[in-house]
Amino acid sequence: MQSVFVNGKSDNTIDALDRGLAYGDGAFATMRVAAGEILFLNTHLQRIEQTCFRLGFTISHIELLVLRLESHAKTLKEGCIKLLLSRGVGGRGYAAPTSPDITEIISLHPLPDIYAQWQSKGITLSLSPVTLGNQPLLAGMKHLNRLEQVLIKQQTLPKNTDDWLVLDADNCLVESSMANIFIVKDNQVKTPAMSQNGVSGVMREHVIDALLTNDIAVMATKVTLDELLDAEHVFITNSLLGVVNVNSINIDSINTQLSSSYHYKTWNMTHTLLTQLKLSF
């Protein structure tokens, strides 16, 4: 069952002039809860603090926030906690208040049942007709303005496809609609750099660290469509589904002269990552 808490109280209403509602002025995190604990809580908090700092405001009640999150996790036991922080109430215009009073929204959710199946069987992606624009000032952040993702999700997925694969305006790889993406060739791993767009996810960070610990080279760099199609293995990551192999990618929507579907082998290392990071369902 979904539960919502606004500024520490059981509530599902916010001020109509909240800047998160008006402008997407804020940040959020989606965190997996397992056995009553939030996985990678410190990393989630570091990222949301960094995002708020980049947007120009700070979280003054971080200790109280941690206590609330940990308490909700104990109650939830298994599932997902979404934390949303906006700059709070402001006036009609874009200019931000000099002393914002942050709005904190915590909501509790079940995990989608399909994620366990994806971990065990892998997924299929299709190329989205919607591309991401470049904005380095917002790149990497999980800010509240997600209209590009809304437009992506409005498109009807082709039959037997699980998620959209998203490129930028230069036809370079960015992410899936909800996860970071990695490609593997000759046991070397590449993942798109989040310097112009996209979200630099918490799970992406931990997977990179785990790969390096296992003596596997990882590069965060520009990844072209040709490199993606030439890869031996492809996998996606996010904080809720963990690590999931990509079985195939359909690219009909970009160039009919190319093969309509590209297939990839399962990378055994993904099972190791699931085990080492304790992500298996």
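Here the structure is shown first, and the text comes after it.
Predicted model, so just to flag it, every value in this text is computed and none were measured.

Considering the overall build of the protein chain
Move 1: For the protein chain, the helix and strand inventory stands at 8 helices and 15 strands.
Move 2: Relative to its length of 281 residues, the protein chain is compact, with a C-alpha radius of gyration of 19 Å against a globular reference of 19 Å.
Move 3: Its C-alpha atoms give the protein chain principal-axis dimensions of about 55 × 40 × 35 Å.
Move 4: Buried residues in the protein chain amount to 52% of all 281 residues.
Move 5: If you take every contact in the protein chain between residues at least 6 apart in sequence, the share linking residues at least 24 apart comes to 71%.
Move 6: A total of about 14,000 Å² of accessible surface is found on the protein chain, and carbon and sulfur atoms cover 51% of it.
Move 7: Averaging the locations of the 22 positively and 27 negatively charged side chains of the protein chain gives two centres separated by 3 Å.

With respect to helix α3 (residues 62-76)
Move 1: With 15 residues, α3 should cover 21 Å at 1.5 Å per step; its first-to-last C-alpha distance of 21 Å lies within 8% of that length.
Move 2: Looking at α3, one finds that the buried residues are I62, L65, V66, L69, H72 and A73. For α3, the buried positions fall inside an angular range of 135 degrees around the axis, keeping them on one side. Facing away from the buried side of α3 by more than 90 degrees, the exposed set consists of E63, L67, K74 and T75.
Move 3: Following α3 by one or two positions, K77 adopts a phi angle in the positive range, close to 70 degrees.

Some details on the side chain of N250
Move 1: Following the sequence through the fold, N250 ends up in strand β14 (residues 242-250).
Move 2: Overall, the relative accessible area of 19% leaves N250 in the buried class.
Move 3: A polar side-chain atom of N250 sits 3.3 Å from a polar atom in the side chain of S126.

Side note on the pattern of salt bridges
Note that side chains of opposite charge can pair when their charged atoms are close.
Move 1: Here the structure, examined in full by the defined rule, presents 6 salt bridges.
Move 2: With a closest N to O distance of 2.6 Å, R87 and D25 form a salt bridge. With R87 in the loop between β5 (79-86) and β6 (103-109) and D25 in the loop between α1 (19-23) and β3 (26-34), the pair connects residues that are 62 residues apart, well separated along the chain. You'll find R87 and D25 in the same group, each marked buried.

Things to note about the packing of aromatic side chains
Move 1: A full pass over the atoms with the stated rule returns 4 aromatic pairs.
Move 2: Taken together, a centroid distance of 4.8 Å and an interplanar angle of 5 degrees make the contact between F182 and F235 stacked. Here F182, found in strand β10 (residues 180-185), pairs with F235, found in strand β13 (residues 233-238); they are 53 residues apart in sequence, far enough to count as distant. An identical accessibility class is assigned to F182 and F235; each is buried.
Move 3: Ring plane angle 25 degrees and centroid distance 5.6 Å describe the contact between F235 and W267, whose orientation is recorded as stacked. With a gap of 32 residues between them, F235 in strand β13 and W267 in the loop between β15 (261-263) and α8 (269-276) connect regions that are remote in the sequence. We note that F235, like W267, is buried.
Move 4: Over the aromatic face of F281 sits the side chain of R32, whose NZ or CZ is 4.1 Å from the ring centroid.
Move 5: For K82, the ring lying beneath its charged end belongs to F28, and the centroid distance is 5.0 Å.

Things to note about the nonpolar core
Move 1: L165, L173, L228, V234, I236, I249 and Y264 are the most contacted members of the largest nonpolar core, which has 28 residues in total.
Move 2: At the level of elements, α4 (114-121), β7 (123-127), β8 (163-167), β10, α7 (225-229), β13 and β14 are the ones that each hand at least two residues to this core.
Move 3: In this structure, L45, F57, I81 and L83 belong to the second largest nonpolar core, which totals 23 residues.

Comments concerning the pairing of β7
Move 1: Along β7, 5 of the 5 residues are buried, which leaves the element largely enclosed by surrounding structure.
Move 2: Neither face of β7 is left uncovered, since the one carrying I123, L125 and L127 and the one carrying T124 and S126 both have all their residues buried.
Move 3: Of the pairings in the sheet, the one linking β7 to β14 comprises 4 bridges and is parallel in character. Within β14, the position partnered with T124 by the bridge is S248.

Observations regarding the packing of helix α2 (residues 41-55) against α3
Move 1: The N-to-C vectors of α2 and α3 enclose an angle of 135 degrees; their axes lie 12 Å apart at closest approach. With respect to α3, the axis of α2 lies oblique. Handedness of the crossing formed by α2 with α3: right-handed. The segment α2 lies against α3, with L41, L45 and E49 engaging I62, L65, V66, L69 and E70.
Move 2: Partitioning the contact of α2 with α3 into residue classes produces 6 nonpolar, no polar and 2 charged.

Cut-off values and rules
- Residues numbered from 1 in each chain as written.
- Predicted model: local features only at pLDDT ≥ 70, side-chain atom pairs only at ≥ 80, totals over all residues.
- Heavy atoms only, no water.
- Helix = DSSP H or I, 4+ residues; strand = E, 2+ residues; numbered from the N terminus.
- Rg over C-alpha atoms; globule rule 2.2 N^0.38 Å.
- Buried < 20%, exposed > 50% of the residue type's maximum accessible area, 1.4 Å probe, protein only.
- Contact = heavy atoms within 4.5 Å.
- Areas by Shrake-Rupley, 256 points an atom, 1.4 Å probe, with all protein chains shown as cover.
- Lys, Arg positive; Asp, Glu negative; His and termini not counted.
- Charge placed at Lys NZ, Arg CZ, Asp CG, Glu CD.
- Expected span 1.5 Å × (residues − 1).
- Arc of directions from axis to C-beta.
- Polar contact = N/O pair within 3.5 Å; in protein donor to acceptor, adjacent residues only side chain to side chain.
- Salt bridge = Lys/Arg side-chain N within 4 Å of Asp/Glu carboxyl O.
- Phe/Tyr/Trp six-rings, centres within 6.5 Å; stacked < 30°, edge-to-face > 60°.
- Lys NZ or Arg CZ within 6 Å of the ring centre and 35° of its normal.
- Core = buried A, V, L, I, M, F, W, Y, C linked by side-chain atoms within 4.5 Å.
- Pairing = 2+ DSSP bridges.
- Axes fitted to C-alpha atoms, helices over the stretch in contact; angles between N-to-C directions.
- Parallel < 35°, antiparallel > 145°, perpendicular 65-115°, else oblique.
- Left-handed = near helix turned anticlockwise from the far one by under 90°.
- Nonpolar A, V, L, I, M, F, W, Y, C, P; charged D, E, K, R; others polar.

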